[in-house]
Amino acid sequence: QVQLVESGGGLVQPGGSLRLSCAASGFTLDYYAIGWFRQAPGKEREGVSCISSSDGSTYYADSVKGRFTISRDNAKNTVYLQMNSLKPEDTAVYYCATGTGGSSWYLPEEYDYWGQGTQVTVSS
């Protein structure tokens, strides 16, 4: 059974850091581009970052560039999102998903399998 499980969310103060994990089971992650998305209450799902399957190219939304870093560990079948200098506006449920990457990496409809999400709350 194909499954993605996100973990690592929580409550953090502004300026703090979190590392999210996206672990796959039932399939090999390295064959897919993996995207991270987030959705805040009342807002549409937003593409945050993506890492390709082929050459490890990475993509970031302008709002997180320089603060977030995506990486993958194929041996652990896991993709990570390191989030630094967190801001209250980063508060959302974060999801990972499998896709094909490329220039449309930020479009949710380009992704097939989704995890259940992990809550990130940035607040003092």
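Below is a short write-up of the structure. (Residues numbered from 1 in each chain as written. Predicted model: local features only at pLDDT ≥ 70, side-chain atom pairs only at ≥ 80, totals over all residues. Heavy atoms only, no water.)

Before going further, it helps to examine the overall build of the chain. In terms of helices and strands, the chain carries zero helices and 11 strands. When the helices and strands of the chain are listed from N to C terminus, the series reads β-β-β-β-β-β-β-β-β-β-β. Over its C-alpha trace the chain gives a radius of gyration of 13 Å, about what one expects of a compact globule, namely 14 Å for 124 residues. Here the chain holds 124 residues, and the buried ones make up 44% of them. When contacts within the chain are restricted to residue pairs at least 6 apart in sequence, long-range pairs at least 24 apart make up 58% of them. Roughly 6,200 Å² of accessible area belongs to the chain as shown, and the carbon and sulfur atoms make up 45% of that amount. The centroid of the 9 positive side-chain charges in the chain is displaced by 7 Å from the centroid of its 12 negative side-chain charges. (Helix = DSSP H or I, 4+ residues; strand = E, 2+ residues; numbered from the N terminus. Rg over C-alpha atoms; globule rule 2.2 N^0.38 Å. Buried < 20%, exposed > 50% of the residue type's maximum accessible area, 1.4 Å probe, protein only. Contact = heavy atoms within 4.5 Å. Areas by Shrake-Rupley, 256 points an atom, 1.4 Å probe, with all protein chains shown as cover. Lys, Arg positive; Asp, Glu negative; His and termini not counted. Charge placed at Lys NZ, Arg CZ, Asp CG, Glu CD.)

Take the sheet that holds strand β7 (residues 68–73) next. Here four strands make up an open sheet; going across it, the order is β1-β3-β8-β7 and the pairing antiparallel. The open sheet is flanked by β1 (3–7) and β7, the only strands paired with a single partner. Each strand of the sheet is rotated relative to its neighbour by a mean of 15°, with strand direction disregarded. (Pairing = 2+ DSSP bridges. Axes fitted to C-alpha atoms, helices over the stretch in contact; angles between N-to-C directions.)

Under the defined criterion, the tally for this structure stands at four salt bridges. A salt bridge links Glu 46 to Arg 38, with the nearest nitrogen and oxygen atoms 2.8 Å apart. Looking at Glu 46, the relative accessible area reads 31%, which means it is partly exposed. Across the pair Asp 62 and Lys 65 runs a salt bridge whose closest N-O atoms are separated by 3.2 Å. Shared partners join several salt bridges into a network, and the residues in it are Arg 38, Glu 46, Arg 67 and Asp 90. (Salt bridge = Lys/Arg side-chain N within 4 Å of Asp/Glu carboxyl O.)

Of note, Asn 77 is situated in the loop between β7 and β8 (78–83). Residue class for Asn 77 comes out buried when judged on its relative accessible area of 15%. For Asn 77, the side chain forms a polar contact with the main-chain oxygen of Phe 27, separated by 2.9 Å. Ignoring any residue separated from it by four or fewer positions in sequence, one finds Asn 77 in contact with Cys 22, Ala 23, Ala 24, Phe 27, Thr 28, Leu 29 and Asp 30. (Polar contact = N/O pair within 3.5 Å; in protein donor to acceptor, adjacent residues only side chain to side chain.)

Turning our eyes to something else, we now look at the pairing of β8. The side chains of a regular strand alternate between both faces of the sheet. With five of its six residues buried, β8 lies for the most part within the structure. Where β7 meets β8, six bridges bridge the pair, whose relative direction is antiparallel. Its bridge partner being in β8, Ser 71 is matched across the sheet by Tyr 80. Where β7 hands over to β8, the hairpin turn is made up of four residues, of which Asn 77 adopts a positive phi near 55°.

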